[in-house]
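The lines below spell out each chain.
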There are 2 protein chains.
Amino acid sequence: MAKDFVTRQENYSEWYNELVVRADLAENSSVRGCMVIKPYGYAIWEKMQHSLDEMFKQTGHQNAYFPLFIPKSFFEKEAEHVEGFAKECAVVTHHRLTKSPDGKGLIPDPSAELEEALIVRPTSETIIWDTYRKWIKSYRDLPILCNQWANVVRWEMRTRMFLRTAEFLWQEGHTAHATKEEAEAEALKMMNVYADFAEKYMAMPVVRGIKSANERFAGAVETYCIEAMMQDGKALQAGTSHFLGQNFAKAFDVKFLSKENQLEYVWATSWGVSTRLMGALIMTHSDDNGLVLPPYLAPIQVVIVPIYKTEEEKQQIDEIANNVISSLNQKGVSVKYDDDEKTKPGWKFNEYEFKGVPVRITLGARDLKENKVEIFRRDICEKEIIHKDEIVAKCESLLKDIQTNLLKKASDLRQSKTRNVDTWEEFKQEIEKGGFLMCHWDGTPETEEKIKEETKATIRCIPINAPEEDGICIYSGKPSKRRVVFARNY
Amino acid sequence: MAKDFVTRQENYSEWYNELVVRADLAENSSVRGCMVIKPYGYAIWEKMQHSLDEMFKQTGHQNAYFPLFIPKSFFEKEAEHVEGFAKECAVVTHHRLTKSPDGKGLIPDPSAELEEALIVRPTSETIIWDTYRKWIKSYRDLPILCNQWANVVRWEMRTRMFLRTAEFLWQEGHTAHATKEEAEAEALKMMNVYADFAEKYMAMPVVRGIKSANERFAGAVETYCIEAMMQDGKALQAGTSHFLGQNFAKAFDVKFLSKENQLEYVWATSWGVSTRLMGALIMTHSDDNGLVLPPYLAPIQVVIVPIYKTEEEKQQIDEIANNVISSLNQKGVSVKYDDDEKTKPGWKFNEYEFKGVPVRITLGARDLKENKVEIFRRDICEKEIIHKDEIVAKCESLLKDIQTNLLKKASDLRQSKTRNVDTWEEFKQEIEKGGFLMCHWDGTPETEEKIKEETKATIRCIPINAPEEDGICIYSGKPSKRRVVFARNY
């Protein structure tokens, strides 16, 4: 266990907050609710971005960039959207600062008030659909498959690093289609892209599902989502993909001339994941020794620590290390050789363990006399002694193993915390233990609302692949056709 | 010449504006001064980002992310900086919208006024140095070499796409050092990184220089810059790198314990390039037929257009095209095969020519019977007939050729428009013709200011490699030691 570090058992929430700071991922800034993403944390986010961006491009999407600011009036155009997004937001009212009359500092210049206030985008449907109106004339202009990597701002009252911050980084895809079917297929496709990313790169199993009306995106007809379970049994919504119907096309008057020469409203989707995934990643794998990273997303996949006494020993170790590094680099493995003399091997061991570097190789002069080296895997914290000629092959196999093992471990945990619950009494008891409760529900927002009031649990999603099954709603006793996922959530 | 397209000769400014829109690079949005960067334009920016990011990482820098908002009071801390940046800016004063009392739309909620107004970052020195105070305790924590890719906002009165927009995308490097010498070397190094990038990737020659006091960054001790010349002879500042001395460390109280156990203020640099480079790229190479792109930055490097009558001919062409594509892809060349049947070959020729695709291959069924294909290079608009087996090799050599030729062409133009001017009378005449005037200057801000008032020309920079040479100031007649670059600028 890392020194002076609270365990998950003791205080899961504090464990998370401390981990984020001590692993150099992020810290709170002087601006309320805004965080600073530190280089080590940002390097992980960059790896996520890189893989996602590639997946988006492979599915035919292109990146573009739309304005940070949205005129206030744009939010007034889509009735549900305004309720959801135009409330707690950053409002720009002036375009100049000037010296205060009392000479003490600066004030917004009263003569530079904007005619119309601008909102810092909380999400970009409105400004993008205002743009698409100019791009779309005929079916030939469709589909439009755009994505943007951007910062957005939602003035959250209670913030937590990565999980809920006033400003966060994300990508938002916005697509326009000629038919309902095509748009629905797109929304579903992107949910699957997110799920594949979560499972393959983050080693994080997710439930693919549909949101209930209460949890749906403001302005969407249907919201698809991927839901993950954290180690404490709470759910975390890791990504959403919305079928928006013609709502935004109608609000922004975006029509196209169809093949049949009819003027029709355009069909839309939008989909996004954010730096919240960093929170999900941390809470899925990390332990009481600090961060645990799946090799695919680790900025440093292998660290090499030398131990020596003489300059001659150091030279021999350098030579071995350089060979290993060049072989691993050729295979696309990122390696750090930490021969900094300002810190001791023991300090380095702790540091890289806490930062979740998947594999550590110790090149000790004494071991090397017998051609032996120590190799350590972070996921299960086990050491092994191997022959020095095996280093490269062993690193490769370990990295694959760790990636697979982390997904399995997380899947096993999730399975152990997912169970069917059939009565309201049982539900109230079981929800206290955390995890996913698979329950029958009568399909009404009222019932969901009441369950939330009484237990703080919500419907995380209606799983895509849920088998039909006759049952009765745990709360109302009314008939139900399938089980949905109830949980408390982040 | 492209149809209905104004020439550079007729109206350079209109030519630029039209080109940006018609080549699908960007367009104005509904938000004053903010542009939409369209997918084709963004793809070029992504290529720039990718190359720059690699160069930054190779020189030891890491990416991080700092808040979008800066508390108003932060600007009050550095006296010169506030003058330069806290004037025309976007001021956030409220954190909520609410329904207007008259029921018509939304207003900033009077009960949700921020205690302290927040400024949307025009540049991030202040918020970053507020953060560095927490990161830096001892010389062991130095240097810090961070970069961030971000959007920034400066409330410009007159805007032009890419060249001057209220919101723009950029990168800003912010480094912290233990010694003055190290910080100065860093600022100089990054100017050279920018210059290398401009020349190698953008095929744009630049003058490496130092800004005069009048043109220096607000808060800097010394500003290094790269200055390019556009085809109309006007200068464009393409990147700046600032040695900030201890100004921000003093403003934000950032001290470190030196090796000698002394508390000292930290030394700083900052450096940035922005989407303005897109404007520079366009104006350096493009012509009356539209956009011209250097191969390194072209999203599509080679386009293949098939011409056929029968389905059988199409199949033969497909086969050849697929082989060419796979060979070129293996060599890292990006190829588009445009066999879209909705548009005709002639339309495609115009389209890709206007969009600046460096190389076009026409696979015509009739030519192919004789094993011939037509290959077209965009930079000089020349066609050639080659044997079909030569396609891949020819593409490779052409791409290299075009990259080299564009740099040479731009260098020749710049040289032809750069001349020594020694008298005030000559200066007033010559400045009307555009270009760089190499003149002696007495080194005072007053003289520079007067020259600007009378001719709109400013000192673009004092070239790094300017030889010492005795002379007299063109304006004041006072003695001078070297020539500086005067020009009108964007």
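This one's a predicted model, so the numbers in the text were calculated from it and none came from an experiment.

Calculation criteria
Residues numbered from 1 in each chain as written. Chains lettered and ligands numbered in written order. Predicted model: local features only at pLDDT ≥ 70, side-chain atom pairs only at ≥ 80, totals over all residues. Heavy atoms only, no water. Pairing = 2+ DSSP bridges. Helix = DSSP H or I, 4+ residues; strand = E, 2+ residues; numbered from the N terminus. Axes fitted to C-alpha atoms, helices over the stretch in contact; angles between N-to-C directions. Contact = heavy atoms within 4.5 Å. Least-squares fit on C-alpha atoms with pLDDT ≥ 70 in both. Buried area = accessible area lost by both parts, 1.4 Å probe. Salt bridge = Lys/Arg side-chain N within 4 Å of Asp/Glu carboxyl O. Polar contact = N/O pair within 3.5 Å; in protein donor to acceptor, adjacent residues only side chain to side chain. Buried < 20%, exposed > 50% of the residue type's maximum accessible area, 1.4 Å probe, protein only. Arc of directions from axis to C-beta. Core = buried A, V, L, I, M, F, W, Y, C linked by side-chain atoms within 4.5 Å. Parallel < 35°, antiparallel > 145°, perpendicular 65-115°, else oblique. Nonpolar A, V, L, I, M, F, W, Y, C, P; charged D, E, K, R; others polar. 1 Å grid on protein atoms, 1.4 Å probe; cavity = no way out; pocket = protein on both sides within 12 Å on 5 of 7 lines; lining within 4 Å. Points joined across faces, edges and corners; volume = space filled by probe spheres on them. Phe/Tyr/Trp six-rings, centres within 6.5 Å; stacked < 30°, edge-to-face > 60°. Left-handed = near helix turned anticlockwise from the far one by under 90°.

Focus: the sheet that holds strand β17 (residues 335–337) of chain B
All names here are of chain B. A sheet is described by the order of its strands in space; here five strands give the open sequence β17-β16-β18-β19-β20, paired in mixed fashion. Looking along the sheet, the strands with just one partner apiece sit at the ends: β17 and β20 (382–387). Going from strand to strand, the sheet's axes swing by 25° on average, the running direction of each strand aside. Relative to β20, strand β19 (residues 372–377) is paired through six bridges, and the arrangement is antiparallel. Of the residues in β20, the one forming a bridge with isoleucine 375 is glutamate 384. Strands β16 (302–307), β17 and β18 (359–364) of the sheet are contacted by helix α9 (residues 311–330), whose axis makes an angle of about 170° with β17. Along the sheet, helix α12 (residues 391–416) contacts β16, β18, β19 and β20; its crossing angle with β19, the most-contacted strand, is approximately 15°.

Some words on the relation of the copies chain A and chain B
Of the transformation placing chain A onto chain B, the axial shift is 0.0 Å and the rotation is 180°, giving an RMSD of 0.0 Å. Taken together, these values place the two copies in the relation of a two-fold axis. When C-alpha positions in chain A are compared against the rotation axis, the closest is assigned to A:Val92, at 2.1 Å. Comparing interface residues between copies, 100% of those in chain A also lie at the interface in chain B; the contact surface is shared.

What about the interface of chain A and chain B?
Counting from both sides, the interface comprises 67 residues of chain A and, opposite them, 67 residues of chain B. Buried area between chain A and chain B, both sides added, is near 5,300 Å², and the carbon and sulfur share of it is 63%. Sorting the residues of chain A by area buried against chain B places A:Tyr65, A:Leu97 and A:Leu106 first, and these three jointly supply 12% of that buried surface. One can count four salt bridges joining chain A with chain B. In this structure, B:Lys57 and A:Glu46 form a salt bridge, with 3.1 Å as the shortest nitrogen-oxygen distance. Inspection of the chain A/chain B interface yields 36 residue pairs in polar contact (both at pLDDT 80 or more).

Regarding the side chain of B:His285
Residues and elements named next belong to chain B. By the secondary structure assignment, histidine 285 is in helix α8 (residues 276–285). Within the structure, the side chain of histidine 285 is placed 3.3 Å from the backbone oxygen of alanine 203, a separation counted as a polar contact. If near-sequence neighbours (up to four positions away) are discounted, histidine 285 is found in contact with Met202, Ala203, Met204, Gln231, Val292, Pro294, Leu406 and Ala410.

Focus on helix α1 (residues 12–22) of chain A
All names here are of chain A. All of the buried residues in α1 are Tyr12, Trp15, Tyr16, Leu19 and Val20. The buried residues of α1 all sit within an arc of 125° when viewed along its axis, so they share a single face. Phi turns positive one or two residues past the end of α1, at aspartate 24, with a value near 65°.

Describing the nonpolar core
Ranked by size, the top nonpolar core spans 95 residues in total, and within it A:Phe69, A:Trp129 and B:Phe69 carry the most contacts. Not counting the four nearest positions on each side in its chain, A:Phe69 is found in contact with A:Val92, A:Leu118, A:Ile119, A:Val120, A:Ile127, B:Val31, B:Cys34, B:Ala90, B:Val120, B:Val153 and B:Trp155. If you look at the next biggest cluster of nonpolar residues, it comprises 70 residues, including B:Val20, B:Leu169, B:Phe354 and B:Tyr490.

Examining the environment of A:Ala321
Residues and elements named next belong to chain A. Counting through the fold element by element, alanine 321 comes out in helix α9 (residues 311–330). Separated by 157 residues in the primary sequence, alanine 321 and arginine 164 place their C-alpha atoms 42 Å from one another. Sequence-distant contacts of alanine 321, that is, excluding residues within four places in its chain, are made with Ile304, Tyr337 and Leu363.

Section: the packing of helix α2 (residues 39–58) of chain B against α8(B)
Residues and elements named next belong to chain B. With their axes 10 Å apart at the nearest point, α2 and α8 run at an angle of 105° to one another. One element, α2, and the other, α8, form an angle in the roughly perpendicular class. Facing Gly41, Ile44, Trp45, Met48 and Leu52 of α2, the residues of α8 in contact are Leu277, Met278 and Leu281. A breakdown of the residues in the contact of α2 with α8 according to their chemical character gives seven nonpolar, one polar and no charged.

A few points about empty space enclosed by the protein
All names here are of chain B. As enumerated under the stated definition, the model contains five cavities of 30 Å³ or more in all. Within this model, the largest cavity holds a volume of roughly 70 Å³. Met204, Pro205, Met229, Met230, Gln231, Met283, Thr284, Ala410, Leu413 and Arg414 together form the lining of the largest cavity. Secondary structure elements with two or more residues in the lining of the largest cavity: α8 and α12. Residues belonging to the lining of the largest cavity are distributed by class as follows: seven nonpolar, two polar and one charged. By volume, the second largest cavity amounts to about 50 Å³.

Quick notes on the packing of aromatic side chains
The final tally for this structure, using the stated rule, is 40 aromatic pairs over all chains. Seen from their ring centres, A:Phe427 and A:Phe486 are 5.3 Å apart, and the 90° between their planes marks the pair as edge-to-face. In this pair, A:Phe427 sits in helix α13 (residues 424–430) while A:Phe486 sits in strand β26 (residues 483–487), placing the two residues 59 residues apart along the sequence. A residue is classified by how much of its surface remains accessible, and A:Phe486, at 0% relative accessible area, is buried. Relative to B:Tyr132, the ring of B:Trp129 has its centre 5.2 Å away and its plane inclined at 75°; by these criteria the two rings are edge-to-face.

Section: the side chain of A:Ser51
Residues and elements named next belong to chain A. As for its position among the elements, serine 51 is in helix α2 (residues 39–58). Residue serine 51 is classed as buried on the basis of its relative accessible area, which comes to 8%. Setting aside its immediate chain neighbours within four residues, serine 51 contacts Phe197 and Tyr201.

Some words on the sheet that holds strand β23 (residues 458–463) of chain B
Residue and element names in this part refer to chain B. Read across the sheet, eleven strands follow the order β3-β8-β9-β15-β12-β11-β10-β23-β26-β22-β21 without closing on themselves; strand pairing throughout is mixed. Edge positions in the sheet fall to β3 (62–63) and β21 (418–420), since each has one partner strand and no second. Where strand β10 (residues 207–210) lies against β23, two bridges are found, and the strand directions are antiparallel. Residue pairing in the sheet places isoleucine 210 in a bridge with isoleucine 462 of β23. Each of β8 (144–153), β9 (167–177), β12 (235–245) and β15 (267–274) is contacted by helix α5 (residues 125–135), which is oriented at about 35° to β9, the strand it contacts most. With respect to the sheet, α12 is in contact with β10, β11 (222–229), β21 and β22 (436–440), its orientation differing from that of β21 by roughly 30°.

Digging into the pairing of strand β7 (residues 113–120) of chain A
Bridge analysis of strand β4 (residues 69–71) of chain A against β7(A) gives three bridges, and the strand direction is antiparallel. In the sheet register, A:Pro71 faces β7(A), and the bridge partner there is A:Leu118.

Notes on the packing of α2(A) against helix α6 (residues 180–200) of chain A
Residue and element names in this part refer to chain A. Running from N to C, α2 and α6 cross one another at 145°; their axes reach a closest spacing of 11 Å. Where α2 crosses over α6, the handedness of that crossing is right-handed. Between α2 and α6, the contacting residues are Met48, Ser51, Leu52, Met55 and Phe56 on the first element and Met190, Val193, Tyr194, Asp196 and Phe197 on the second.

A few points about unusual backbone geometry
In this model, A:Leu142 is joined to A:Pro143 through a cis peptide bond whose omega is -5°. With respect to the helices and strands, A:Pro143 occurs in the loop between α5 (125–135) and β8 (144–153). Even without a glycine there, the phi angle at A:Asn261 is positive, about 65°. Here A:Asn261 falls in the exposed class, since its relative accessible area comes to 55%. A positive phi is found at B:Asp24, a non-glycine position, where the angle reads about 65°. Residue position: B:Asp24 is located in the loop between α1 (12–22) and β1 (26–28).

Quick word on the pairing of β18(B)
Residue and element names in this part refer to chain B. Most of β18 sits out of view: six of its six residues are buried. Residues Val359, Ile361 and Leu363 of β18 are buried on one face, and the alternating residues Arg360, Thr362 and Gly364, pointing to the opposite face, are buried as well. Two strands pair when backbone bridges link them, and β16 and β18 are joined in this way by six bridges, in the parallel orientation. Bridge assignment links proline 306 to a residue of β18, and that residue is leucine 363.

So, to be careful, I would describe these as geometric facts and stop short of saying anything about function.
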